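# Commentary on secondary and tertiary structure
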Amino acid sequence: MADQLRFPEKRSAPAALRERIAEMRVEDADWRGGRTFSLVYNVGDPQLEEALHETANEYLHENALNPFKFPSLLNMEREIVAMAADLLHGNPRAGSLSSGGTESIFLAVHTARSWHRANGGPDSSCSIVTADTAHPAFAKACHYLDVEQRRVPVGANLRADTESMAAACDTTTAMVVGSAPCYPFGTIDDIPGLAEAASEMGILCHVDACLGGWLLPWWERLGEAVPPWDFRVPGVTSISADIHKYGYAFKGASTVLYRDQELLGHQYFMYDQWPGGLYASATTAGTRPAAPMAGAWAAINTLGAEGYLEHAGRILDTTRALKAGINAIDGLGVTGDPDMSVFQFASDRYDINAIGDVMDDQGWHLDRQQGGLHIMVFPGHDAVVDEFLADLTYAAGNHGEARDTMAVYGAVDVE
Ligand SMILES: *Cc1c(COP(=O)(O)O)cnc(C)c1O
């Protein structure tokens, strides 16, 4: 076992800290170079970056636990929810800002369970039905909240199988879930079908648009054929959409929106049994950081529709170029028919993980899925398309045995 680290006895000057941090960071992924395909949404927009840094500085210490003490934060959250609702054709007052996609999904599952109990569902058991491509955040939320998740295999087109999902519902089922798009394959589920089935059964339908929520509206405006997925689809009752992904805010910002305020009410927690006073909170956090809220507001206002459209156009062009380029490499192909800038590619001839190893050696960071390598396109990737395809062509023709075989998206420290 390593030596026990001792608590520092002395103060450290900022310059000394900076030096130590710089040393510790040498192995960190260099996302600014456009060689990573997940984790950081690289925009390469200096004006946006300046605005984010400035706002984070301004709001480092405020606490959004009690927004009435900080009316500016109350106002920003309300505006963010209203602007998100404008994009997604939702209700401008029926939503919350959360710390990320996982919290938005957690809140939506909690709301569904609470709604289900309030509407005559059996108190002790509650289930939701998802496709097997649904993000693990649903499994996690169900685990925490003691809700059963029924996972249904996707169809051959890698989209939720609406009929089987409807068949998996029973009286314990509070909600069906579709993705727009799902993370592994970038496919958008049949949201109209799922929402109609849910509505016929009198249950809720959540759309996980953590990825698509802040990009698909712009692709639609650019004339892309985007399958219907937002509140314009009757029967969709809630949507999660991350601002810290394609909304280009820094980490800690997502939205969860509901069709109406009554449903949102099921999300709230209120407690009047405490000597400390009345405790009410809309989301899971108590003390709530203000910087992500202000940062999200700053990102939206810095870019405006104008900026988002520009970046969405870059992503669209880059996605097309990458898909065409990959499909043109002998033995490689994009999996299925992705609807967005997120997709898997695989090989019917080579060991795809061995190709991934060669790409690693060339300084690219491609995430490994069960069946292929994963790409998520950011605006900053437009500068590296040719280099990437050249390296991938090389890797397809010059690889050995695979070293690494599994994507790791998070870690727990166990010994
Ligand atoms: C990222 C993601 C989530 C979870 O969001 P976090 O911000 O990582 O908590 C949920 N669903 C989809 C489709 C995602 O891509």
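What comes next concerns the included structure. (Residues numbered from 1 in each chain as written. Predicted model: local features only at pLDDT ≥ 70, side-chain atom pairs only at ≥ 80, totals over all residues. Heavy atoms only, no water.)

### What about empty space enclosed by the protein?
Inspection of the entire model under this criterion finds 1 cavity of 30 Å³ or more. Each pocket or cavity is described by its volume, and for the largest cavity that value is around 30 Å³. Taken together, A108, T111, A112, M175, L204, T237, S238, Y258 and L263 make up the lining of the largest cavity. Tallied by class, residues from the lining of the largest cavity come to 6 nonpolar, 3 polar and no charged. (1 Å grid on protein atoms, 1.4 Å probe; cavity = no way out; pocket = protein on both sides within 12 Å on 5 of 7 lines; lining within 4 Å. Points joined across faces, edges and corners; volume = space filled by probe spheres on them. Nonpolar A, V, L, I, M, F, W, Y, C, P; charged D, E, K, R; others polar.)

### Structural notes on the site of the ligand
Surrounding the ligand, one finds 13 residues, the nearest of these being G101, T102, D208, H244 and K245. One nitrogen or oxygen atom from the side chain of K245 is found 3.1 Å from an oxygen atom belonging to the ligand. In isolation the ligand exposes 380 Å². Once the protein is present, 85% of that is buried. The dominant element in the shell around the ligand, judged by the number of residues it contributes, is helix α4 (residues 101–118), at 3 residues. Of the residues that constitute the shell around the ligand, the class distribution is 5 nonpolar, 5 polar and 3 charged. (Near = heavy atom within 4 Å. Polar contact = N/O pair within 3.5 Å; in protein donor to acceptor, adjacent residues only side chain to side chain. Areas by Shrake-Rupley, 256 points an atom, 1.4 Å probe, with all protein chains shown as cover. Helix = DSSP H or I, 4+ residues; strand = E, 2+ residues; numbered from the N terminus.)

### A few points about the layout of surface pockets
Approximately 860 Å³ is the volume attributed to the second largest pocket. In terms of lining, the second largest pocket is formed by 32 residues, of which the most central are P67, F68, L74, Y268 and A282. Going through the elements one at a time, α3 (71–88), β1 (95–98), α9 (261–265), β8 (269–271) and β9 (279–281) are the ones with two or more residues in the lining of the second largest pocket. By residue number, the principal contributor to the lining of the second largest pocket is α3, which donates 5 residues. In terms of residue class, the lining of the second largest pocket is built from 18 nonpolar, 10 polar and 4 charged.

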